[in-house]
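Here are the chains, one letter per residue:
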Amino acid sequence: DAKTTQPPSMDCAEGRAANLPCNHSTISGNEYVYWYRQIHSQGPQYIIHGLKNNETNEMASLIITEDRKSSTLILPHATLRDTAVYYCIVLDNYGQNFVFGPGTRLSVLP
Amino acid sequence: DTGVSQNPRHKITKRGQNVTFRCDPISEHNRLYWYRQTLGQGPEFLTYFQNEAQLEKSRLLSDRFSAERPKGSFSTLEIQRTEQGDSAMYLCASSLAVTSTDTQYFGPGTRLTVL
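Everything in this summary refers to the structure shown in the same document. (Residues numbered from 1 in each chain as written. Chains lettered and ligands numbered in written order. Predicted model: local features only at pLDDT ≥ 70, side-chain atom pairs only at ≥ 80, totals over all residues. Heavy atoms only, no water.)

A few words now on the overall build of chain A. Per the secondary structure count, chain A includes zero helices and nine strands. Beginning at the N terminus, the succession of helices and strands in chain A can be written as β-β-β-β-β-β-β-β-β. The C-alpha atoms of chain A give a radius of gyration of 13 Å, which matches the 13 Å a tight globule of 110 residues would have. Overall, chain A is about 40 × 30 × 25 Å in size when its C-alpha atoms are taken along their principal axes. In chain A, which comprises 110 residues, the proportion classed as buried is 47%. Pairs at least 24 apart in sequence give 56% of the contacts found in chain A among residues at least 6 apart. (Helix = DSSP H or I, 4+ residues; strand = E, 2+ residues; numbered from the N terminus. Rg over C-alpha atoms; globule rule 2.2 N^0.38 Å. Buried < 20%, exposed > 50% of the residue type's maximum accessible area, 1.4 Å probe, protein only. Contact = heavy atoms within 4.5 Å.)

Shown next, in the form of structure tokens:
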């Protein structure tokens, strides 16, 4: 079973920030938080990952709470092309296979 | 484009036929994974290879499924005697597992329809 829980769906206005939450209350100290997204009929696309510190790249920012029990993926200026299913996954550094939950379906509205 | 390619992109077959899919990972990646995804669900892990060794298989991988990675480069996934329940998207991913994390990069998938 997936170790994360996410809201099933969210809406965001185009140009606004999209904040996607993820709960991972049973995360252990050596488990990373990964975010992927999947646009319809395509393979999952890597977005970002982190362990303890907040992370930022050209696609998004990842904010991890101090107790590491939850995180938020931030798309700073959502566009229509960001409409997708977003998956939050926790993975042990020594684990190999991702366990995907149902994810959050983000709809960016014009 | 992640650099992971899969062929064919679509396959339609009749129940009982055998099918084979191919995955070409990013060239320097030593790990290769297969996942299956049905409509409305997240991907489910099937199996993975480190170089040519198949190190883990999910219980989802029935006896009708076999995967190979003979030279540690490309991989094939074969399904024998296909059933309608095998209809799904089959995803391949690869990673370079020598760094502190193991980010997987996915291919576009092969969509299988069993009639």
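From this point, things continue past the structure.
Right, let's get into the overall build of chain B. When you go through chain B residue by residue, the secondary structure sums to zero helices and eleven strands. Scaling as 2.2 N^0.38, a compact globule of 115 residues should have a C-alpha radius of gyration of about 13 Å, and chain B matches this with 13 Å. Burial status across chain B gives 48% buried among its 115 residues. Long-range contacts, defined as pairs at least 24 residues apart, comprise 54% of the intrachain contacts of chain B with a sequence gap of at least 6. Split by element, the accessible area of chain B, about 5,700 Å² in all, is 44% carbon and sulfur. Chain B carries 14 positive and 12 negative side-chain charges, and their two centres are separated by 7 Å. (Areas by Shrake-Rupley, 256 points an atom, 1.4 Å probe, with all protein chains shown as cover. Lys, Arg positive; Asp, Glu negative; His and termini not counted. Charge placed at Lys NZ, Arg CZ, Asp CG, Glu CD.)

In the structure shown here, the tally under the stated rule is two disulfides over all chains. Note on cysteine connectivity: C22 of chain A is disulfide-linked to C88 of chain A, with sulfurs 2.1 Å apart. In this structure, the disulfide formed by C22 of chain A and C88 of chain A twists by about -80° around the S-S bond and is classed as left-handed. One end of the pair, C22 of chain A, is in strand β2 (residues 18–23); the other, C88 of chain A, is in strand β8 (residues 84–92), with 66 residues separating them in the sequence. For the pair shown, C22 of chain A and C88 of chain A are each scored as buried. There is a disulfide in this structure between C23 of chain B and C92 of chain B, and the S-S distance comes to 1.8 Å. Looking along the S-S bond of the C23 of chain B-C92 of chain B disulfide, the torsion reads about -65°, which is the left-handed sense. (Disulfide = S-S within 2.5 Å.)

On to the pairing of strand β5 (residues 44–50) of chain B. Residues and elements named next belong to chain B. Extensive coverage of β5 is indicated by the burial of five of its seven residues. Bridging between strand β4 (residues 31–37) and β5 involves six bridges; their strand directions are antiparallel. Directly across from W34, in β5, lies its bridge partner T47. Relative to strand β6 (residues 53–57), β5 is paired through four bridges, and the arrangement is antiparallel. The residue bridging Y48 from the neighbouring strand is E56, located in β6. The turn joining β5 and β6, which pair antiparallel and follow one another in sequence, is formed by two residues; a positive phi near 55° is taken by N51. (Pairing = 2+ DSSP bridges.)

With that settled, the discussion passes to the packing of aromatic side chains. The description of an aromatic ring pair uses the distance of the two centres, along with the angle that the planes make with each other. In total, this model carries 17 aromatic pairs over all chains according to the counting rule given. Every member of this aromatic cluster is reached through a ring pair, and the members are Y34, Y36, Y46, Y87, F98 and F100 of chain A together with Y33, Y35, F45, Y48, Y105 and F106 of chain B. Here the basic side chain of R22 of chain B rests over the ring of F74 of chain B, its NZ or CZ set 3.9 Å away from the ring centre. (Phe/Tyr/Trp six-rings, centres within 6.5 Å; stacked < 30°, edge-to-face > 60°. Lys NZ or Arg CZ within 6 Å of the ring centre and 35° of its normal.)

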